[in-house]
Amino acid sequence: MAEVLVLVELNPTGEGVRKTTLEALTAARALGEPAAVVVGGPGSAAAATAQLAEYGAAKVYVAESEEVEQFLVAPKAEVLAQLVSDKQPAAVVIPSSPEGKEIAGRLAIKTGSGFLTDVTEIAGDGTATQVAFAGATIVHSKVTVGTPIYTVRGNSVTPEPAPGAAEEEQVAVQLSDAARATRVVDRVVEQKSSRPELTEASIVVSGGRGVASAENFSLIEGLADSLGAAVGASRAAVDSGYYPHTFQVGQTGKTVSPQLYIAVGISGAIQHRAGMQTSKTIVAVNKDPEAPIFELADFGVVGDLNTVVPQATEAITARRG
Amino acid sequence: MDIVVLVKQVPDSGSERSLDPADNTVARGSADNVVNEIDEYAIEEALLLKEAHGGEVTVLTVGPESAADAIRKALSMGADKAVHVVDGAIHGACAPQTSAILAAALQQLSFDIVLCGAESTDGQLAVMPALLAERLNLPLLSGARKLTVEGGMARVERQTDGGYWALEAPLPAIVSTWDTINEPRYPSFKGIMAAKKKPVTKLSLADLGIDPATVGLAMATSQVLEFAGRPPKGAGVKVTDEGDGASKLVDFLAGQKIV
């Protein structure tokens, strides 16, 4: 059976792999037998192997080196290019983070291949599904040159376990000068949060201009915490200084596709819809009955968020007791 | 310090956008075309660098004749001159092809730094800076929310989830920006008038030494097979809060087995 390389995104906490990796492993199975590729510092594969086996990795290529972490993106693309040349895989599948897309682009040039980004599904014949124009258009595309490279959009594939041997093979890391061009001097965490990552969360609660102040965002956080959800914000809320930019959902922020998206005090401008339109279930709370967000909502409450949100939080907390 | 800033004209993300059923490419003719929003931040950053270090800002775009409007906007903000690669053979080019065209154009220009937006609002591939770095063998400092240049080094804060990575690389380098990096200026009346007199060089593929037969839809590295509008969502339930809005909401969530 043809081998499909799957680039592993390690969990920054050091515990296993990110959910995006399990999604990529699941998507890759349509094309062949997944072979996971771990590119990281010494010892980084050890924490990942068990999970990779559980999600169908027949092989695990381990490329470990101090240097990989010291330079931006390029080392990972170089390791993958070497593997594509040595192993002649049927395809390469990469999680669709900003880093993943950069790796895909670099790999495409190195290997003379085409690529498709943010795919939501891959079929056995290599055809991929993509969502274009803020979720308004669904596109089916195919790579026509070289070894097809796909990046898989977070939360679009449901990870399904499948047994894999996860047989380890060490890969020597020999970086070129070009891969050492941009040095990562420091990695700084400014907001430590116990909440799930926005793009990975199965529930997202977002606040907009209607929240009306930074202090009032505690209502959004309260509702999110009652559901174990991530917190998001519309661009209007971010531009007004109510919530940090890193949580912005929309055309110029993050794209999310959770099981449940709750939009509170968000009118639903295209800018925002672009980032959340493909969510499975959408709930809206807004005092304006004409707000466009209601056109998207499976369930909408026309009312004052300052009363509806705390009541809902209390009711959910009581139910979850 | 000489700076090249890459600009793309895109269909306005605030209006209706579509693919052209004739060949499955982005419908540009019927669209309300604007400068890609994030590119305005790259233009602003280029102007700030020029103000601090001197030098010249050159705008580079690949696009149809209509992309002249995007060039005009960048010149009216304060860029000094522009290069417009326009050639009928480019229609339907994929990202790797476009990167080859941009790379060839950049090789004809002198620069210390290439600035560009991190992604466009039409394709949202967010790969062009990486493709160019790979083709030109230049350092890429991507996803900047802050840029400083001194002593022949570029330093960037790369925006990440919940923080940033501090990056550094020697010049010449490519830097891609997010919309957190600055606040773009509006063109002044004086700027708009001055833009009309600024030089715009038009280049064809032949001028860049690229064989037109290697570029365009027929030679693209990926192909759109078909597309369709997303099926409309069934009408949802909308209730007006009369004291029971929250409990109805929670009942809905319970019905979805969420709580």
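Above this note sits the structure.
One numbering rule holds for all chains: residues counted from 1, following each sequence as written. Here every chain gets a letter starting at A, and every ligand a number starting at 1, in the order they are written. Selection of residues for local features in this predicted model requires a pLDDT of at least 70, selection of side-chain atom pairs for listing and counting requires 80 or more, and totals for whole chains, interfaces and linings are taken over all residues. Only hydrogens and water are removed before side-chain values are computed, so all heavy atoms of the structure are retained for them.

The subject of this paragraph is the overall build of chain A. Strands here are runs of E lasting at least two residues and helices are runs of H or I lasting at least four, both read from the DSSP assignment and numbered beginning at the N terminus. In terms of helices and strands, chain A carries 10 helices and 15 strands. Values of the radius of gyration come from C-alpha atoms, whereas the globule rule sets the reference at 2.2 Å times the count of residues to the power 0.38. At 21 Å, chain A has a C-alpha radius of gyration in line with the 20 Å of a compact globule built from 321 residues. Taking the principal axes of the C-alpha coordinates as reference, chain A spans close to 60 × 40 × 40 Å. Residue exposure (1.4 Å probe, protein chains only): buried if accessible area is under 20% of the type maximum, exposed if over 50%, otherwise partly exposed. The buried share of chain A, reckoned over its 321 residues, is 62%. Note on contacts: a residue pair qualifies if any of its non-hydrogen atoms lie within 4.5 Å across the two residues. Within chain A, counting contacts between residues at least 6 apart in sequence, those at least 24 apart form 67% of the total.

Below, the discussion takes up the overall build of chain B. Assigned secondary structure in chain B consists of 6 helices and 15 strands. C-alpha atoms of chain B, sized along the principal axes, occupy 65 × 45 × 40 Å. Looking at chain B as a whole, 53% of its 259 residues are labelled buried. A fraction of 73% describes how many contacts in chain B between residues 6 or more apart in sequence connect residues 24 or more apart. Surface accessibility in these figures is a Shrake-Rupley result with a 1.4 Å probe; residues are shielded only by whichever protein chains are displayed. Carbon together with sulfur atoms contributes 52% to the accessible area of chain B, which is approximately 11,100 Å² in total. For this count, His and the chain ends are skipped, Lys and Arg are scored as positive, and Asp and Glu as negative. The atoms used to mark charge sites are NZ of Lys, CZ of Arg, CG of Asp and CD of Glu. Between the mean site of the 23 positive side-chain charges and the mean site of the 34 negative ones, chain B shows a separation of 3 Å.

As a further point, take the nonpolar core. In this text, buried Ala, Val, Leu, Ile, Met, Phe, Trp, Tyr and Cys residues form a nonpolar core when linked through side-chain atoms within 4.5 Å. Core analysis: the biggest nonpolar cluster contains 69 residues, and Leu5 and Leu80 of chain A together with Leu115 and Leu147 of chain B have the highest contact counts within it. It is helix α4 (residues 74–87) of chain A that contributes the most residues to this core, 7 residues altogether. The next biggest cluster of nonpolar side chains, apart from the first, holds 54 residues, and it includes Phe217, Ala233 and Tyr261 of chain A together with Val239 of chain B.

Let's shift gears to the interface of chain A and chain B. With 80 residues of chain A at the contact, the number on the chain B side is 78 residues. By definition, the buried area sums, over both parts, the 1.4 Å-probe accessible area that each loses when the two are put together. Of the roughly 6,600 Å² buried between chain A and chain B on both sides combined, carbon and sulfur atoms contribute 57%. Contact with chain B buries surface across chain A, with Phe133, Gln251 and Phe299 of chain A losing the most and accounting together for 12% of the total. Salt bridge criterion: a side-chain nitrogen from Lys or Arg within 4 Å of a carboxyl oxygen from Asp or Glu. There are 8 salt bridges connecting chain A and chain B. For Asp179 of chain B, the salt bridge identified is with Arg235 of chain A, shortest N-O distance 3.8 Å. Within 3.5 Å is the distance limit for a polar contact, defined as a pair of N or O atoms, with the added protein rule that one can donate a hydrogen and the other accept it, and that residues adjacent in sequence qualify only through two side-chain atoms. Seen at the junction of chain A and chain B, the total is 35 residue pairs in polar contact (both at pLDDT 80 or more). For the side of chain A that touches chain B, the class distribution of residues is 36 nonpolar, 25 polar and 19 charged. Amino acids are sorted into nonpolar (Ala, Val, Leu, Ile, Met, Phe, Trp, Tyr, Cys and Pro), charged (Asp, Glu, Lys and Arg) and polar (every other residue, Gly among them).

Attention now goes to a nonpolar patch on the surface. Residue and element names in this part refer to chain B. Here, patches come from residues exposed beyond 30% relative accessible area and free of salt bridges, joined within 9 Å for like charges and within 5 Å for nonpolar side chains (Val, Leu, Ile, Met, Phe, Trp, Tyr). Nonpolar side chains collect at one region of the surface, where Phe189, Ile192 and Met193 lie side by side and expose about 320 Å² of accessible area between them. By secondary structure assignment, the location of Met193 is in helix α5 (residues 189–195). A residue is classified by how much of its surface remains accessible, and Met193, at 37% relative accessible area, is partly exposed.

The next point concerns the environment of Pro184 of chain B. Residue and element names in this part refer to chain B. Inspection of the secondary structure assignment puts Pro184 in the loop between β12 (173–177) and α5. Along the primary structure Pro184 and Glu37 are separated by 147 residues, whereas in three dimensions their C-alpha atoms are 9.9 Å apart. The contacts of Pro184, once residues within four sequence positions are left out, are Glu40, Tyr41, Glu44 and Met77.

Next up on the list: unusual backbone geometry. When glycine is set aside, most residues are seen to have a negative phi, and most peptide bonds are trans. All names here are of chain B. The step from Leu171 to Pro172 runs through a cis peptide bond, and the omega angle for that step is -5°. Positionally, Pro172 belongs in the loop between β11 (163–170) and β12. Even without glycine at this site, Gln124 takes up a positive phi of about 55°. The residue Gln124 is located in the loop between β8 (113–117) and α4 (128–136) in this model. Despite not being glycine, Ala126 shows a phi value in the positive range, around 60°.

What follows concerns the pairing of strand β2 (residues 33–40) of chain A. Residue and element names in this part refer to chain A. Burial of β2 is extensive: 7 of the 8 residues sit out of reach of the surface. Note: strand β1 (residues 3–7) against β2, 5 bridges, orientation parallel. Looking at β2, one finds that Val4 is bridged to Pro34. Here a crossover is taken to be right-handed if, once the strands point away from the viewer, the path from the first strand over the helix to the second is traced clockwise. For the segment spanning β1, helix α1 (residues 19–28) and β2, crossover handedness is right-handed. With 6 bridges connecting them, β2 and strand β3 (residues 59–64) associate as parallel partners. In the sheet register, Val39 faces β3, and the bridge partner there is Ala63. When DSSP finds two or more bridges between a pair of strands, those strands are recorded as paired.

Residue and element names in this part refer to chain B. A pair of cysteine sulfur atoms is labelled a disulfide when the two atoms are within 2.5 Å. Scanning all chains against the criterion turns up 0 disulfides over all chains. Between Cys94, a cysteine without a disulfide, and Cys116, which holds the nearest cysteine sulfur, the sulfur-to-sulfur distance is 18 Å. Of the residues examined, Cys94 reaches a relative accessible area of 9% and is grouped as buried.

A separate point is helix α5 (residues 98–111) of chain A. Residues and elements named next belong to chain A. Compared with an ideal rise of 1.5 Å per residue, which puts 14 residues at 20 Å, α5 spans 20 Å between its outermost C-alpha atoms and is within 8% of the ideal. Counting buried residues along α5, 11 of its 14 residues qualify, which places the element largely inside the surrounding structure. Just beyond α5, the residue with positive phi is Gly112, at close to 65°. For a helix, the expected span equals 1.5 Å multiplied by the number of residues minus one.

Purely geometric stuff here, so don't read any function into it on its own.
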